[in-house]
Amino acid sequence: MSRFIQLGDPAQNEMLAELYQDMLDHGFGDDTPINWLTSQSSRPDILAGTWEFSKGMLLRGELPMMVKQMIAATIAARNNCIYCRELHGNTLSMLGVSEELINSCVTDPELTSVQQPHRAILQFAVKVSQSPEMIDAEDLGVLKAQGITRSEVLEIIALSAYCNFINTWADISRVKVENGSASDEA
Amino acid sequence: MKHSKPFGSDAEIEDARALFDRVMQGPMHDQIPSVMSTTLSMRPDIFSAIMAAGKPILFEGALPVSVKQMIVMIIASHRNCRFCIDVHKAMLEAMGIEDALIDSCIDDPEMKLVPPMYRQILQFALLVAEDPDNIADHQFELLRDSGLNEEEILEAAMVASFANFLVTWTDVPANLNG
């Protein structure tokens, strides 16, 4: 159980029912939305905001969804957020990403199996997440040399910071990993 | 939770979002980080997504807006995020919060001038932001004992979580305009 109330049946609240349906329509759950979202279900007003934020960061924009999920899995591992690491790792599997590549993202500080430009993107994203104040022109130059546009850089920065948000909420709410994997009780 | 001076109550504060806009267009205008201004101009879609969460988390809800601003300010202070410190301090000043109280949040580890209930919230928020995986259930009990209900505790945790987004995002110093 989460530290916060998780409503499985939203029937008593029209706003929550609409939100749940939108989440399921976007693949964020099977019968009910994922635990990260339902842990906010006692506050549909807040959930509506964080859901819009999540759609903007994870589903929309210019970066391919696979790259977004790689960033989310890699930062979750660096932040030691087991829930988010599992969730985004599983999403990468569903997108057809190899286990070797996923493992490199979540266990290998050197990201050895990650090819360019993805490695440069992930290294930059981790730096934003861990030491944003250290980002400088040289970091931007590395991305530019890999063909990453300024618009995409802005998206990587926002997504990396967003990952710090979702990791914090997952940890403080103690939501359980979906489908009860071994790390469920970690 | 009963509101009490010196934090004031939301009823005394004009629309908080309008106040925020005024602060950003006034005293904070020259300090807006490049990442924020460039995102607004080049990627309004991202900016809009951020504001969709920021509005209910920071400007609405059960906890007084002043307490929410104080949570972000104190987390920013611990992360040394200059812009976030300044903007949320400016918000608190615009709400009429005394300088001594604001300074107590930032400069005094024991926050002696902060009323006990609010001090409890701020200490909890700091733990959420800095070590969310290791917060004991006891910390939640302390909040309940202080008179907070579950809705308010959720909000305090959510504001602190969102502050971790804000201080990361706005702390990127690189010039992204050129």
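Everything discussed here concerns the structure shown above.
These numbers come from a predicted model, not from an experiment.

A. Representation of the overall build of chain B. Check the secondary structure of chain B and you find nine helices and zero strands. Listing the helices and strands of chain B from first to last along the sequence gives α-α-α-α-α-α-α-α-α. Relative to the globule expectation of 16 Å for 178 residues, the C-alpha radius of gyration of chain B, 16 Å, shows essentially globular dimensions. C-alpha atoms of chain B, sized along the principal axes, occupy 50 × 35 × 30 Å. Buried residues in chain B amount to 46% of all 178 residues. A separation of at least 24 residues holds for 72% of the contacts in chain B among residues at least 6 apart in sequence.

B. Spotlight on the overall build of chain A. Counting its secondary structure elements, chain A contains nine helices and zero strands. Seen in sequence order, chain A has helices and strands lined up from the N terminus as α-α-α-α-α-α-α-α-α. In summary, chain A has a C-alpha radius of gyration of 17 Å against a globular reference of 16 Å for 186 residues, a match within 12%. Along the first, second and third principal axes, the C-alpha atoms of chain A reach 55 × 35 × 30 Å. The 186 residues of chain A split such that 49% are buried.

C. Layout of the interface of chain A and chain B. The interface is formed by 40 residues belonging to chain A together with 36 residues belonging to chain B. Of all the elements in the fold, those that place two or more residues in the side of chain A that touches chain B are helix 3 (44–59), helix 7 (118–130), helix 8 (137–145) and helix 9 (150–173) of chain A. With 16 residues, helix 9 of chain A is the single largest residue contributor to the side of chain A that touches chain B. Residue classes in the side of chain A that touches chain B are distributed as 18 nonpolar, eleven polar and eleven charged.

D. Representation of the environment of Pro173 of chain B in the model. Its place among the elements puts Pro173 of chain B in the segment after helix 9 (150–170). Between the alpha carbons of Pro173 of chain B and Ala156 of chain B there is a distance of 28 Å; along the sequence they are 17 residues apart. Excluding anything up to four places from it in sequence, Pro173 of chain B contacts Glu133 and Ile135 of chain A.

Rules of the game
- Residues numbered from 1 in each chain as written.
- Chains lettered and ligands numbered in written order.
- Predicted model: local features only at pLDDT ≥ 70, side-chain atom pairs only at ≥ 80, totals over all residues.
- Helix = DSSP H or I, 4+ residues; strand = E, 2+ residues; numbered from the N terminus.
- Rg over C-alpha atoms; globule rule 2.2 N^0.38 Å.
- Buried ≥ 20, exposed ≤ 12 C-beta atoms within 10 Å, placed from the backbone.
- Contact = placed C-beta atoms within 7 Å.
- Nonpolar A, V, L, I, M, F, W, Y, C, P; charged D, E, K, R; others polar.

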